[in-house]
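# Descriptive structure summary
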Amino acid sequence: MRSTLSGILLALALVGSITLSHGPSTPTMTISPVEVALGPLLAGSSVGANATNGSVTFAGATSLLTTTDLLYLNNTNASRTYYVKLMEYSSTGLALATTINIGVNNGTANTDQVLVSLGAVTQSSGPYVPLPPGTTGKIYASTLVSVVYGTGMIGFEVLVADDASETAYYSMRSVVTVT
Amino acid sequence: MTFARGACVAAVVIIAAATGVQAAISWSTTSTIATSVGAPPVQLELGNGANKTHYFSPPLTLSANGTLVSGTLSAKAGADARVKEVLKIANRDVATQNVTLTATQVTNANVEAFSWSLYNGSTLVGILDLKSATPSLAFALPPSTTYRLDLRIDLADGAGNTNSPASFDLSERVG
């Protein structure tokens, strides 16, 4: 008898699709402190447990535009330059503020970042500023407010990036209250 | 599905045929199928972000067939960290592949956000949110195309090695 095996085998066809599964990959995770850290500078200012969230309250100037240093911004890495900028995310009570400019001093120069003019936020973020290794920088505010100004608050992120194109960065929140 | 190199699969088929008379005739035959190992059609690659040793230490590494990643993420206590192009996912096949990324939910309260964002160039394809109940991201990956994965991890103030996750996971399914 002629074998019909090959024909029979052809009829035995697999039905359905194939799924390939890989993993899981299980990378580990460790917790480390930030290398650019906030620190209290102005009397009454404070930072969070990991030196990442700052808070400061101070009285705005009423006669002349006055600059006040608020918080330290320390690059604790001995060899890497980080790039820092501020980005406003919230504000209240600024209607009677003539000028409130919050900026970064990188040990060399001041660069205004968040600008408030005549009661409104006119610039919510500024350019990245290099903070050289081992540098103690500062976050400052230049203020001029009305004598009847009450209390205003500006919340901003402190962005610390590897480079100006933000290939990697972390952000820390801070709040400045101007009375 | 994988097969061991050089293994053979033997199939034995026994066929019984009725000939129309009382006696039945049966015969058997053995077929041999050769097997080999092929590369998976969809593979992981390390991106430029994986080289940032202040975020990954020890650095991330990939298995030889691009299916498993290992290493250590150095998350920043009290900060919201983002690293672009940590991984890439490449379709080496000539046909579109349906890919699903999954992970185990991260429930630790000190992890405020933890996600992988998938991009096709500058276009966001989707987000694998590890804080959701069943983290999953399904997408179609065109032939000869590579997408990138950006990482975000936001840790609460007070996070430390004694109160935060020691690892996380990532799986891929194709098909």
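This structure is a prediction, so every number in the text was calculated from the model and none was measured.

This part takes up the overall build of chain B. The secondary structure content of chain B amounts to zero helices and 13 strands. Of the regular secondary structure in chain B, the N- to C-terminal order runs β-β-β-β-β-β-β-β-β-β-β-β-β. Sorting the 175 residues of chain B into buried and exposed places 45% on the buried side. Counting contacts in chain B only where the partners sit at least 6 residues apart, residues at least 24 apart contribute 69% of the total. Approximately 8600 Å² of chain B is accessible, and the part contributed by carbon and sulfur atoms is 52%.

On to the interface of chain B and chain A, then. Facing 50 residues of chain B, the contacting portion of chain A comprises 40 residues. Together, the buried faces of chain B and chain A total about 3900 Å²; carbon and sulfur atoms form 55% of this surface. Across the pair Lys52(B) and Asp162(A) runs a salt bridge, and its minimum N-O distance is 3.1 Å. Scanning the region where chain B abuts chain A turns up 26 residue pairs in polar contact (both at pLDDT 80 or more). When grouped by side-chain class, the residues that make up the side of chain B that touches chain A number 25 nonpolar, 16 polar and nine charged. Judged from the four bridges that link them, strand β14 (residues 168-178) of chain A and strand β7 (residues 80-91) of chain B form a sheet pairing that is antiparallel.

Here we come to the confidence of the model for chain A. Atom-level detail of predicted coordinates should not be read off regions where pLDDT is low. Counting all residues, the mean pLDDT for chain A is 90, and 91% of those residues have values of 70 or more. Taken as a whole, residues 1-15 of chain A scores under 50 in pLDDT and shows eight contacts with residues more than four places along the chain or in a different chain.

Two pairing modes exist for strands in a sheet, parallel and antiparallel, and in both the strands are linked by backbone hydrogen bonds. Across the sheet, which stays open at both edges, the four strands sit in the order β1(A)-β13(B)-β8(B)-β11(B) with antiparallel pairing between neighbours. The sheet is open, and its two edges are formed by β1 (20-25) of chain A together with β11 (136-141) of chain B, each paired on a single side. The mean angle between the axes of side-by-side strands here comes to 15°, regardless of whether they run parallel or antiparallel.

Residues and elements named next belong to chain B. Structurally, the position occupied by tryptophan 116 is in strand β9 (residues 111-120). In this structure the C-alpha to C-alpha distance between tryptophan 116 and isoleucine 127, which are 11 residues apart in sequence, comes to 5.7 Å. With residues up to four places along the chain from it excluded, the contact list for tryptophan 116 reads Val86, Leu87, Gly126, Ile127, Leu128, Leu130, Leu149, Asp150, Leu151, Phe168 and Leu170.

If you trace the backbone, Thr67(B) turns up in the loop between β4 (61-62) and β5 (69-70). Residue classification places Thr67(B) among the buried positions, given a relative accessible area of 8%. Non-local contacts of Thr67(B), meaning those with residues more than four positions away in its chain, are made with His22(A), Ser25(A), Pro40(B), Leu44(B) and Glu172(B).

Residue and element names in this part refer to chain A. Taken together, the six strands give an open sheet; going across it, the order is β3-β6-β12-β8-β9-β10, and neighbouring strands pair in antiparallel fashion. Where the open sheet ends on each side, the last strands, each with one partner, are β3 (36-40) and β10 (120-123). Between one strand and the next, the sheet's axes are offset by a mean angle of 25°, whatever the strand orientation.

All names here are of chain B. Enumeration over the complete set of coordinates arrives at 10 salt bridges over all chains. The salt bridge involving glutamate 45 is made with arginine 92; its shortest N-O contact spans 2.4 Å. Pair noted here: glutamate 45 is in strand β3 (residues 42-46) and arginine 92 is in the loop between β7 and β8 (97-102), with a separation of 47 residues, a long-range link.

Two numbers describe a pair of aromatic rings. These are the distance of the centres and the angle of the planes. What the rule picks out here adds up to two aromatic pairs over all chains. Note on Phe114(B) and Phe168(B): the rings are 5.1 Å apart at their centroids and 65° apart in plane angle, and the pair reads as edge-to-face. On the criterion of sequence distance, the pair formed by Phe114(B) in strand β9 and Phe168(B) in the loop between β12 (146-155) and β13 (170-174) is long-range, its members being 54 residues apart. Here Phe114(B) matches Phe168(B) in class, with each residue buried. Between Arg173(A) and the ring centre of Tyr89(A), over which it is positioned, the NZ or CZ distance is 3.9 Å. The ring centre of Tyr119(B) lies 4.2 Å from the NZ or CZ of Arg148(B), which sits over that ring.

Residues and elements named next belong to chain B. Here glycine 126 is to be found in strand β10 (residues 123-129). Taking the relative accessible area as the measure of exposure, glycine 126 reaches 11% and is therefore buried. In this structure, the C-alpha to C-alpha distance between glycine 126 and threonine 29, residues 97 residues apart in sequence, is 52 Å. With residues near it in sequence (within four places) discarded, glycine 126 still touches Trp116, Ser117, Leu118 and Leu137.

What counts as what
- Residues numbered from 1 in each chain as written.
- Chains lettered and ligands numbered in written order.
- Predicted model: local features only at pLDDT ≥ 70, side-chain atom pairs only at ≥ 80, totals over all residues.
- Heavy atoms only, no water.
- Helix = DSSP H or I, 4+ residues; strand = E, 2+ residues; numbered from the N terminus.
- Buried < 20%, exposed > 50% of the residue type's maximum accessible area, 1.4 Å probe, protein only.
- Contact = heavy atoms within 4.5 Å.
- Areas by Shrake-Rupley, 256 points an atom, 1.4 Å probe, with all protein chains shown as cover.
- Buried area = accessible area lost by both parts, 1.4 Å probe.
- Salt bridge = Lys/Arg side-chain N within 4 Å of Asp/Glu carboxyl O.
- Polar contact = N/O pair within 3.5 Å; in protein donor to acceptor, adjacent residues only side chain to side chain.
- Nonpolar A, V, L, I, M, F, W, Y, C, P; charged D, E, K, R; others polar.
- Pairing = 2+ DSSP bridges.
- pLDDT = per-residue confidence, 0-100.
- Axes fitted to C-alpha atoms, helices over the stretch in contact; angles between N-to-C directions.
- Phe/Tyr/Trp six-rings, centres within 6.5 Å; stacked < 30°, edge-to-face > 60°.
- Lys NZ or Arg CZ within 6 Å of the ring centre and 35° of its normal.

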